[in-house]
Amino acid sequence: MELTINPQTKISQLLEVDRDLVIRTLVGLNKKFSKLKNPLLRNLLVKRVSIADACKISKTELTDFMWSMKQIGFKVSADTSVENDIAVRRASFREPLDYLELDVRPVLAQDKDPLKKILACIKKLEDGQGLKLINTFEPLPLIHLLAEKGFSFRVEQTEPNLVVTYFSKTGSTPDEAVTIPLTAPAADNDQFNRLLKRFDEHRIIFLDVRQLEMPKPMLAILEQTPNLVAGNALFVYHKKIPVYLLPELEKQGLTYVFKTIGPANINMLIYKK
């Protein structure tokens with residue numbers, strides 16, 4: 001294998017080389033990596049998570065991880081430093097004047113996604129104010145997202161299932177820092193019907209996510225979108241317009257339109273122009 005890896009290498013880069021072999025090797029190293037077998041969880045976790053992050057989450061020694069990858073053909077960089085942009089954000093954390101506190105444990109206990117509440121709090125932050133996020137784990141994907149938007153952070157864990165993450169914004173305003181929409185775009189039934197007629201039925205993938213619990217609807221959709229090419233479409237039966245999915249679809253160069261069928265019943269058409 002020609003890929004040379006270091007602690008900052010993303011897990012997605014390893015999987016792109018040989019997904020089955022990498023997953024099989026990692027599961028042999030630590031059973032916690034068996035989550036990578038689930039395509040829904042895999043899509044959620046691997047895009048922003050580095051080797052260093054994965055080792056921290058799974059409590060795996062970095063040297064053991066690197067050794068296991070070397071055994072299956074990856075080249076390991078001599079530079080095993082874990083200092084990256086995320087580490088710099090942690091080290092350069094500046095204590096704000098006060099905090100807006102948010103405890104998302106009750107939301108997680110209901111098997112719901114707390115992202116909407118978190119982003120709403122980020123939007124509310126005033127100058128000199130930070131966010132104190134109370135959680136059951138270190139929210140690495142959120143840390144990556146906010147670090148990219150100019151936030152520094154520090155983490156405290158005083159109990160096994162109690163993690164407090166402090167976020168401090170450095171320079172950018174809350175509105176500039178988070179661009180994920182908090183409101184749903186309007187459904188356009190006429191446009192939906194017109195666009196649907198353009199696709200041959202045999203080139204439409206139908207997916208019903210209405211009975212899935214959060215965040216499985218978004219993951220199920222993301223499992224299908226890499227297969228979309230011009231002339232194909234993904235028809236999704238959903239309970240609502242998934243606003244937090246839309247930025248990811250746009251990153252993939254995909255277009256979407258919605259049709260309202262009734263209460264908690266939305267049709268979504270995703271396609272590539």
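Residue indices follow the written sequence of each chain, beginning from 1 at its first position. Given that the model is predicted, a residue must reach a pLDDT of at least 70 before its local features are reported, and side-chain atom pairs must reach 80 or more before they are shown or counted; all residues, however, enter totals for whole chains, interfaces and linings. Side-chain descriptors were evaluated using all non-hydrogen atoms of the structure, hydrogens and water having been removed beforehand.

Novice: Would you mind going over the packing of aromatic side chains with me for this structure?
Specialist: What characterises a pair of aromatic rings is the spacing of the ring centres plus the angle enclosed by the ring planes. In this scheme Phe, Tyr and Trp rings, the latter by its six-membered ring, pair at centre separations within 6.5 Å, and the angle between planes marks the pair as stacked below 30 degrees, edge-to-face above 60, and tilted otherwise. If you walk through the whole model with that rule in mind, you get seven aromatic pairs. Where F192 meets F235, the ring centres are 5.7 Å apart and the plane angle is 80°; that geometry is what we call edge-to-face. Here F192 is found in helix α10 (residues 189-196), whereas its partner F235 is found in strand β8 (residues 233-238), with 43 residues between them in sequence. With a 1.4 Å probe rolled over the protein chains alone, any residue whose accessible area is under 20% of its type maximum counts as buried; one over 50% counts as exposed, and the rest are partly exposed. Judged by relative accessible area, which is 1%, F192 ranks as buried. On the numbers, 5.8 Å between centres and 50° between planes, the contact of Y256 with F258 is tilted. The helix and strand labels rest on DSSP assignments: H or I over at least four residues marks a helix, E over at least two residues marks a strand, and numbering proceeds from the N terminus.

Novice: What should I look at first to understand the sheet that holds strand β9 (residues 255-262) in this one?
Specialist: Within a sheet, adjacent strands bond to each other through the backbone by hydrogen bonds, running parallel or antiparallel. When DSSP finds at least two bridges between two strands, those strands are taken to pair. On the basis of which strands lie adjacent, the open sheet formed by four strands has the order β7-β8-β10-β9 and mixed pairing. Two strands lie at the open edges of the sheet, namely β7 (204-208) and β9, each paired on one side alone. Sheet twist, expressed as the average angle between the axes of neighbouring strands with direction ignored, equals 20°. Sheet analysis places β7 next to β8, joined by five bridges and oriented parallel. Following the sheet pairing, D208 is matched in β8 by Y237. In the packing of α10 onto the sheet, the strands contacted are β7, β8, β9 and β10 (265-271), and the crossing angle to β9 comes to about 120°. In what follows, residue pairs with any heavy atoms lying within 4.5 Å of each other are defined as contacts. Note on method: axes are straight lines fitted to C-alpha atoms, helices fitted across the in-contact stretch only, with angles between N-to-C directions ranging 0 to 180 degrees. Sheet contacts for helix α11 (residues 216-224): β7, β8 and β10; angle to β8, the most-contacted strand, approximately 170°.

Novice: Please explain the pattern of salt bridges as it appears in this structure.
Specialist: Side-chain pairs of opposite charge can arise where the charged atoms are in close proximity. Here, a salt bridge means any Lys or Arg side-chain nitrogen found within 4 Å of an Asp or Glu carboxyl oxygen. Summed over the entire model, instances satisfying the criterion amount to seven salt bridges. Among the ionic pairs, R154 bridges to E95, the shortest N-O distance being 3.1 Å. Note that R154 is positioned in strand β5 (residues 151-159) and E95 in the loop between α5 (85-91) and β3 (98-103), a separation of 59 residues in sequence. E95 sits in the partly exposed class, given a relative accessible area of 48%. As a salt-bridge pair, D127 and K169 come within 3.5 Å of each other at their nearest N and O atoms. Taken together, the residues D127 in the loop between α7 (115-124) and β4 (129-135) and K169 in strand β6 (residues 162-169) connect sequence positions 42 residues apart. A relative accessible area of 72% means that D127 is categorised as exposed. With a relative accessible area of 14%, K169 lands in the buried category. When salt bridges with common partners are traced through the structure, they connect E95, R154 and E156 into a single cluster.

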